[in-house]
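A look at the structure
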Amino acid sequence: MIITALTILAKFQLEQFKSAYFEEEKEEIAVLAKQVSWAVKPALADKNYKELQEFCSLFKDSDTSIVVKKDDKVIADSSLEDQYVIEVEPEDNTFIISQTVYHSVPIKIGDDTYTLTISTTVQDISKTIAKAKKIIIWSIIIGIFVVIILALYVYNMYKSFNGLQNSAVKISEGDFDTEIFIPREGILYELACAVKKMSKRLKSQIIELRKLESFRSDFIASISHEIKTPLTGILSAVEILEEQVKEDDPVVSKCLTILNKQSQRLNSLVQDVLRLSEIEKRKLAEEKDFKRFNLANTIRNSIMLCTVSDIKVNTKLEDIEIYGDNALIERALINLIMNAVKYSKSDKIDITLTQKENNAEIRIRDYGVGIPSEHLPRIFEHFYRVDKARSREMGGTGLGLAIVKNVINLHNGNIEVFSGNGCEFVITIPLF
Ligand code: ADP
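The structure presented is a predicted model; accordingly, all values stated were derived computationally and were not measured. Just so you know, the residues in each chain are numbered from 1, in the order the chain's sequence is written. For a predicted model such as this one, the threshold for reporting local features is a pLDDT of at least 70, and the threshold for listing and counting side-chain atom pairs is 80 or more; totals across whole chains, interfaces and linings nevertheless cover every residue. Hydrogens and waters are ignored; side-chain quantities use all the structure's heavy atoms.

**Details of the site of the ligand**
Here a residue is considered near a molecule or strand provided that any single heavy atom belonging to it is located within 4 Å of it. Lining the immediate environment of the ligand, one finds 19 residues, of which Asn 339, Tyr 343, Asp 366, Gly 398 and Leu 401 sit closest. N or O atoms within 3.5 Å of each other form a polar contact, as long as, within protein, one can give a hydrogen and the other can take it, and as long as residues adjacent in sequence are counted only when both atoms are side-chain atoms. Within the contact set of the ligand, an oxygen atom lies 3.4 Å away from a side-chain nitrogen or oxygen of Lys 342. At a separation of 2.9 Å, a nitrogen atom of the ligand approaches a polar side-chain atom of Asp 366. In these tables, accessible area is a Shrake-Rupley quantity obtained with a 1.4 Å probe, and a residue counts as shielded only by the protein chains included in the view. Isolated, the ligand exposes 550 Å² of accessible area, and the fraction of that covered by the protein chains is 96%. Assessed atom by atom at 2 Å from the grid points, the ligand resides in the largest pocket. In terms of residue class, the shell around the ligand is built from nine nonpolar, seven polar and three charged. Every definition here rests on a 1 Å grid over the protein atoms only: cavities are sets of points where a 1.4 Å probe fits but cannot get out, pockets are open sets enclosed by protein on both sides within 12 Å along at least five of seven lines, and lining residues have some atom within 4 Å of a point. Assignment of a molecule to a cavity or pocket requires that more than half of its atoms lie within 2 Å of the corresponding grid points. Only Asp, Glu, Lys and Arg are considered charged in this grouping, and only Ala, Val, Leu, Ile, Met, Phe, Trp, Tyr, Cys and Pro are considered nonpolar; every other residue, Gly among them, is considered polar.

**Section: the sheet that holds strand 11 (residues 414-420)**
For two strands to be treated as a pair, DSSP must find no fewer than two bridges joining them. Only DSSP runs of H or I covering at least 4 residues are called helices, and only runs of E covering at least 2 are called strands; the numbering of each starts at the N terminus. The strand order across the open sheet formed by five strands is 7-9-10-12-11, and the pairing between neighbours is mixed. The open sheet has two edge strands with one neighbour each: strand 7 (312-317) and strand 11. Averaged over all adjacent pairs, the angle separating strand axes in this sheet is 15°, with direction ignored. Bridge count for strand 10 (residues 359-366) against strand 12 (residues 422-430) is seven bridges, and the pairing is antiparallel. Directly across from Ile 364, in strand 12, lies its bridge partner Phe 425. Angles here are taken between N-to-C directions and fall from 0 to 180 degrees, while the axes themselves are lines fitted to C-alpha atoms, restricted in helices to the stretch in contact.

**Considering the packing of aromatic side chains**
The criterion for an aromatic pair is that two Phe, Tyr or Trp rings (for Trp, the six-membered ring) have centres within 6.5 Å, with stacked assigned to planes under 30 degrees apart, edge-to-face to planes over 60 apart and tilted to the rest. Counted by the stated rule, this structure contains four aromatic pairs. A ring pair is formed by Phe 290 and Tyr 323, whose centres lie 6.0 Å apart and whose planes are at 80°; its orientation type is edge-to-face. With Phe 290 in the loop between helix 5 (250-285) and strand 6 (291-294) and Tyr 323 in strand 8 (residues 321-324), this residue pair connects regions lying 33 residues apart in the sequence. Look at Phe 290 and you get buried, because its relative accessible area is 15%. A centroid spacing of 6.4 Å and a plane angle of 85° characterise the contact between Phe 380 and Phe 425, whose relative ring orientation is edge-to-face. Highlighted residues: Phe 380 in the loop between strand 10 and helix 8 (388-393) and Phe 425 in strand 12, separated in sequence by 45 residues. Taken individually, Phe 380 and Phe 425 each receive the classification buried, so the pair is uniform in this respect. We count a charge as sitting over a ring when the NZ of a lysine or the CZ of an arginine lies within 6 Å of the ring centre and within 35 degrees of the ring normal. Here the guanidinium or amino end of Lys 41 rests over the ring plane of Trp 38, the centre of that ring lying 4.1 Å away. Seen from the ring of Tyr 367, Lys 348 lies directly overhead, with NZ or CZ sitting 4.5 Å from the centre. Residue burial is assigned from relative accessible area. The probe radius is 1.4 Å, only protein chains are included, and a residue is buried under 20% of its type maximum, exposed over 50%, and partly exposed in between.

**A closer look at the layout of surface pockets**
Leftover empty space is mapped by rolling, across the atoms, a probe with the size of a water molecule. Grid points are joined across faces, edges and corners, and a volume is the space filled by probe spheres set on the points. Looking at the largest pocket, its volume works out to about 850 Å³. Counting only elements with at least two residues in the lining of the largest pocket, the list comes to helix 5, helix 7 (326-343), helix 8, helix 9 (400-410) and strand 12. Of the residues contributing to the lining of the largest pocket, the split by class is 17 nonpolar, twelve polar and ten charged. Here the lining of the largest pocket spans two domains, since at least three of its residues come from each of domain 2 (188-280) and domain 3 (288-430). In this structure, the second largest pocket occupies an estimated 360 Å³ of space. Take the lining of the second largest pocket: its biggest share by element is five residues, from helix 3 (residues 123-172). An automatic or database domain assignment supplies the start and end points of every domain.

**Description of the pattern of salt bridges**
If the charged atoms of two oppositely charged side chains come close together, the side chains can form a pair. By definition here, a salt bridge exists when the distance from a side-chain nitrogen of Lys or Arg to a carboxyl oxygen of Asp or Glu is within 4 Å. All chains considered together, the criterion is met by 14 salt bridges. With a closest N to O distance of 2.9 Å, Arg 363 and Glu 361 form a salt bridge. In the salt-bridge network here, residues are joined through shared partners; they are Lys 356, Glu 361, Arg 363 and Glu 424.

**Topic: helix 7**
Take the residue count of a helix, subtract one, and multiply by 1.5 Å to get its expected span. Helix length check: helix 7, at 18 residues, gives a terminal C-alpha distance of 26 Å against a target of 26 Å (1.5 Å per residue), a fit within 8%. By the burial criterion, the buried members of helix 7 are Leu 328, Ile 329, Glu 330, Ala 332, Leu 333, Ile 334, Asn 335, Leu 336, Ile 337, Asn 339 and Ala 340. The residue sitting at the N-terminus of helix 7 and contributing the capping side-chain oxygen is Asp 325; that oxygen lies 3.2 Å from the backbone nitrogen of Ala 327.

**Considerations on unusual backbone geometry**
Despite not being glycine, Asp 72 has its phi angle at roughly 65°, a positive value. Position of Asp 72 among the secondary structure elements: in the loop between strand 1 (64-70) and strand 2 (73-77). We classify Asp 72 as exposed; its relative accessible area is 71%. A positive phi is found at Glu 357, a non-glycine position, where the angle reads about 55°. For Glu 357, the position within the fold is in the loop between strand 9 (348-356) and strand 10.

**Remarks on the environment of Leu 188**
In this structure, Leu 188 sits in helix 4 (residues 187-244). Taking relative accessible area as the criterion, Leu 188 reaches 10% and is therefore assigned buried. For Leu 188 and Gly 368, which are 180 residues apart along the polypeptide, the C-alpha to C-alpha distance reads 60 Å. Once residues lying within four places of it in the same chain are set aside, the contact partners of Leu 188 are Met 157, Ser 160, Phe 161, Leu 164 and Pro 183. Any two residues whose heavy atoms approach within 4.5 Å are treated as being in contact.

**What to know about the packing of helix 1 (residues 2-45) against helix 2 (residues 49-57)**
It is the contact of helix 1 with helix 2, at a shortest axis distance of 8 Å, that shows an interaxial angle of 155°. Judged by the angle between their axes, helix 1 and helix 2 are roughly antiparallel. As helix 1 packs across helix 2, the resulting crossing turns out to be right-handed. Along the contact surface, helix 1 presents Val 36, Ala 39, Val 40, Ala 43 and Leu 44, while helix 2 presents Tyr 49, Glu 51, Leu 52 and Phe 55. When grouped by side-chain class, the residues that make up the contact of helix 1 with helix 2 number eight nonpolar, no polar and one charged. Small angles under 35 degrees read as roughly parallel and large ones over 145 as roughly antiparallel, with 65 to 115 read as roughly perpendicular and the rest as oblique. The crossing is said to be left-handed when, going from far helix to near helix, the turn is anticlockwise and less than a right angle, and right-handed when the turn is clockwise.

Following this line, the structure appears as structure tokens:
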């Protein structure tokens, strides 16, 4: 495109130059014609054609030739062998024939009308133009060559850059085994090497992190299991003691109540820790064990398992199937419904299930105390509670919402919470 544009521009400039040159020549010859007509007027007035011819002969060896005619008859000619028959045009009396510029002026003396025609050759311009044309053609050829080399270079650069960009995108998506395109040389070579090195380091660091994470998860799970066995023993012993001990002993009775409550709390904590580490383990190992199930039925089951009696639960559920872990989704829903029951002091809960594009959307809304906005960003963190004392009182572990978030993440879903007049938890889970 650049070459075509340059060629057109060069051609246009040449034409401009040519016409400007001829314009100048035309002007010059017109002035000369006027001067010559003044010079020849006395000879014509005397009808002294000899003197006229002598005057014209002065131009014989020059590029300019003069012809004087009277009624189509040549009466003087600067180059006797070269004669032209020229039509006189009243408006534009200048002609360009090939490379020669002609100018004719009528000279009126008495009743006689003469025609003076001056012509000059313009060979020099054609030579100059030919030279310029040659230079332009060579410039265009060199230009084409340079553009082709440049285009090849840019194309190679683009190919290398594109390859490197694709590799970087794959690495950013977590594919550390992707083949990194390394150009043979050039400025992109070092960049590609650096990306390869970075990908290798990231991969080994991630493997290391996963190992540590898995170790931490296993360690917590092992401790919880170890605690669970003696705890079950303690709980059974407390139960037996409660049946055996006489009710009229207030100290023993109080101690037994505390023992029972605290061991129940410890039991809930151990159970929640075990649930969390199980979900984390599955996420790390990427073994999801998913099945297709009806989400509306799972919501109905969760409501039933919460045994909510003094609170009205309104449901509006579409019949939607998802691919996931039924038991985990049920656990997450129980946690959310129980929270609404425990913390909100609301007299009703609305639960809806709808399909939004390619997602199933569950909304759990209560009309209770809500969660102050400063707590909302941290509400899904482990052991984060709005009111610690009240949460403990209610038997909460501070892990309920963390479990919900982890379950939803395992399903590649998302959970958000809105608080105003009560709380609304919105869960979206992809359908496929
Ligand atoms: P826990 O397991 O102790 O119940 P969660 O992680 O489930 O803890 O909840 C964290 C905190 O969020 C709770 O301490 C409670 O103060 C607050 N919360 C959760 N759900 C609601 C709700 N529906 N209304 C008001 N507060 C809530």
